[in-house]
Amino acid sequence: MDGKSFATALIKMQVNNVAISEAKGIYTKIDLDHQKYKDFDKLCEQAQNIISQMEEKVYPLKGAEEPFDSFSIKNLDAKFYPKKNYETGKIVYSTYIKVPEFSVKRGDVILLSGASGAGKSTFLRMLKRGDINNREVIELDSGKKVDSLGKEFISFRPSMDLGNESSVLHQITGKRNIYELSKSEKMKLHKILNELHLDFPDLLEQMSTRRFMEFSTGQQRRLILSKLFYRIDDGASVVIVDEPVGNVEDKLIKEQLEMIKRYAMKRNVMLLLTTHRLDLAEDLATKRYHINEDGVMEQMKIQRKEEEREKRRKRRKKKEKQGERRREEKNGQKEEKKRKREGRK
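Residues numbered from 1 in each chain as written. Predicted model: local features only at pLDDT ≥ 70, side-chain atom pairs only at ≥ 80, totals over all residues. Heavy atoms only, no water.

Caption draft 1: Broad picture of the overall build of the chain. The secondary structure content of the chain amounts to 10 helices and 12 strands. Every one of the 345 residues in the chain was classed for burial, and the buried ones make up 39%. For the chain, the share of sequence-separated contacts (at least 6 apart) that also reach a separation of at least 24 residues comes to 67%. Carbon and sulfur atoms provide 47% of the accessible area of the chain, an area that totals close to 21,000 Å². (Helix = DSSP H or I, 4+ residues; strand = E, 2+ residues; numbered from the N terminus. Buried < 20%, exposed > 50% of the residue type's maximum accessible area, 1.4 Å probe, protein only. Contact = heavy atoms within 4.5 Å. Areas by Shrake-Rupley, 256 points an atom, 1.4 Å probe, with all protein chains shown as cover.)

Caption draft 2: Region of interest: helix H5 (residues 183–195). With 13 residues, H5 ought to run about 18 Å at 1.5 Å a step, and its terminal C-alpha atoms sit 19 Å apart, in line with that. What H5 keeps buried is the set Glu-185, Lys-188, Leu-189, Ile-192 and Leu-193. Down the axis, H5 shows its buried residues gathered within 130° of arc, on one side only. Turned more than 90 degrees off the buried face of H5, the exposed positions are Lys-183, Ser-184, Met-187 and Lys-191. Where H5 is buried, its residues contact helix H4 (168–173), helix H6 (203–209), helix H7 (217–233) and helix H8 (250–266). Remark: His-197 follows H5 within two positions and exhibits a positive phi of approximately 60°. (Expected span 1.5 Å × (residues − 1). Arc of directions from axis to C-beta.)

Caption draft 3: Up close: the packing of H5 against H7. Viewed as axis vectors pointing N to C, H5 and H7 meet at an angle of 130°, and their least axial separation amounts to 10 Å. Classified by the interaxial angle, the pair formed by H5 and H7 is oblique. Along this stretch, H5 crosses H7, giving a crossing that reads as right-handed. Note on element contacts: H7 touches H5 through Ser-226, Phe-229, Tyr-230 and Asp-233, opposite Glu-185, Lys-188, Leu-189, Ile-192 and Leu-193. (Axes fitted to C-alpha atoms, helices over the stretch in contact; angles between N-to-C directions. Parallel < 35°, antiparallel > 145°, perpendicular 65-115°, else oblique. Left-handed = near helix turned anticlockwise from the far one by under 90°.)

Caption draft 4: Broad picture of the packing of aromatic side chains. Tallied over the entire structure, the rule returns 7 aromatic pairs. Between Phe-71 and Phe-102, the aromatic rings sit 6.1 Å apart at their centres with planes inclined by 50°, giving tilted as the arrangement. Of the two residues, Phe-71 is situated in strand S3 (residues 70–84) and Phe-102 in strand S4 (residues 91–105); the sequence distance between them amounts to 31 residues. In terms of burial, Phe-71 and Phe-102 fall into one category: buried. Relative to Tyr-263, the ring of Phe-229 has its centre 4.0 Å away and its plane inclined at 5°; by these criteria the two rings are stacked. Of the two residues, Phe-229 sits in helix H7 while Tyr-263 sits in helix H8, which places them 34 residues apart along the sequence. The pair Phe-229 / Tyr-263 is uniform in exposure class, with both members buried. These aromatic residues form a ring-pair network of at least three members: Phe-68, Phe-71, Phe-102, Phe-123 and Tyr-289. Sitting over the face of the ring of Tyr-230, Lys-188 holds its NZ or CZ atom 3.9 Å from the ring centroid. A cation sits over an aromatic face here: Arg-210 above Phe-215, 4.1 Å from the ring centre. (Phe/Tyr/Trp six-rings, centres within 6.5 Å; stacked < 30°, edge-to-face > 60°. Lys NZ or Arg CZ within 6 Å of the ring centre and 35° of its normal.)

Caption draft 5: Molecular detail of the sheet that holds strand S7 (residues 145–146). Spatially, the 4 strands line up as an open sheet ordered S4-S3-S6-S7, and their pairing is antiparallel. Edge positions in the open sheet fall to S4 and S7, since each of these has one partner strand only. Where S3 meets strand S6 (residues 138–140), 2 bridges bridge the pair, whose relative direction is antiparallel. The residue bridging Ser-72 from the neighbouring strand is Glu-139, located in S6. Where helix H3 (residues 120–129) meets the sheet, it contacts S3, S4 and S6, and its direction lies at approximately 115° from that of S3. (Pairing = 2+ DSSP bridges.)

Caption draft 6: The arrangement of a positive patch on the surface in detail. A contiguous patch of positive charge, built from Lys-317, Lys-318, Lys-321, Arg-325, Arg-326 and Arg-327, is present on the exposed surface. The topology assignment puts Arg-327 in helix H10 (residues 303–344). (Patch = residues over 30% accessible without salt bridge, like charges linked within 9 Å, V, L, I, M, F, W, Y side chains within 5 Å. Salt bridge = Lys/Arg side-chain N within 4 Å of Asp/Glu carboxyl O. Lys, Arg positive; Asp, Glu negative; His and termini not counted. Charge placed at Lys NZ, Arg CZ, Asp CG, Glu CD.)

Caption draft 7: Expanded view of the pairing of S4. Sheet topology places S3 next to S4; 13 bridges connect them, and they run antiparallel. Of the residues in S4, the one forming a bridge with Asp-77 is Lys-98. Linkage of S3 to S4, two consecutive antiparallel strands, is achieved through a turn of 6 residues, within which Gly-89 is found at a positive phi near 80°.

What follows is the structure, given as structure tokens:
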């Protein structure tokens, strides 16, 4: 009997409240007392995990294999992180997410918000890696359904660093010295560094010999972005910027997010920002989705932009009224002059 068959047999025994008892080399079937045989229940839980892992290997998750212009998720009622309730014998899930509609196209800047623990990270993990319990939930513009975004996404945290295991050049490009870079790679890197205002003399040489921590804080933030931009230029459909937190100042985070948006727009990729800090990202978004306390995702208005539009509308009305008054005054003055001329005649 192979491992999967054995694990499946254990689960069936548990479901039917049956266990095997051994005494002096003789094995007999007994009724399963869940309170008495808690170790057996734990063994069955491990067996269920084994089955899930084996199924994932036998039926691997499918990711996007080619670039796409849009993707959507509709009518999803997803359950994550199953666990057995030993008192009731039922499988319970720690996270539930309902998605009536979620859609992204090239040029979009999507803000995904929600309180800590609402399910933002779980949803992102499903987009990036897929989930064995929620298959083919992502529909590409081609009509093909996949489990994850595959290799067509880039994930980025503004609070990350490049590490000090090797030179900055190697961390960004995968090349250990500038002589390994092709002419086109050098041009691409120079262009990115110029856009980030990193253009001091012998920069490439310094990047090939110095570690990340040897640069100033401001230079470090821009070098981190250069790695992201370098990867975007290699080709990606979606850029995911996950939870801008950590020891980075709000002002720096905001500046980084603005740079990322500009670059993403130039390259016409889909940009997904996820945060509970609306003050840092809401002004950058074109569309906002929110996961509420019940785990339901809903599309919401972007408040600051709505407020700004309302202010602009009021200003326009005020100018229109002022213009009308000036026209009325002007017409009144013309009429008055006309009456005076007629009176003199």
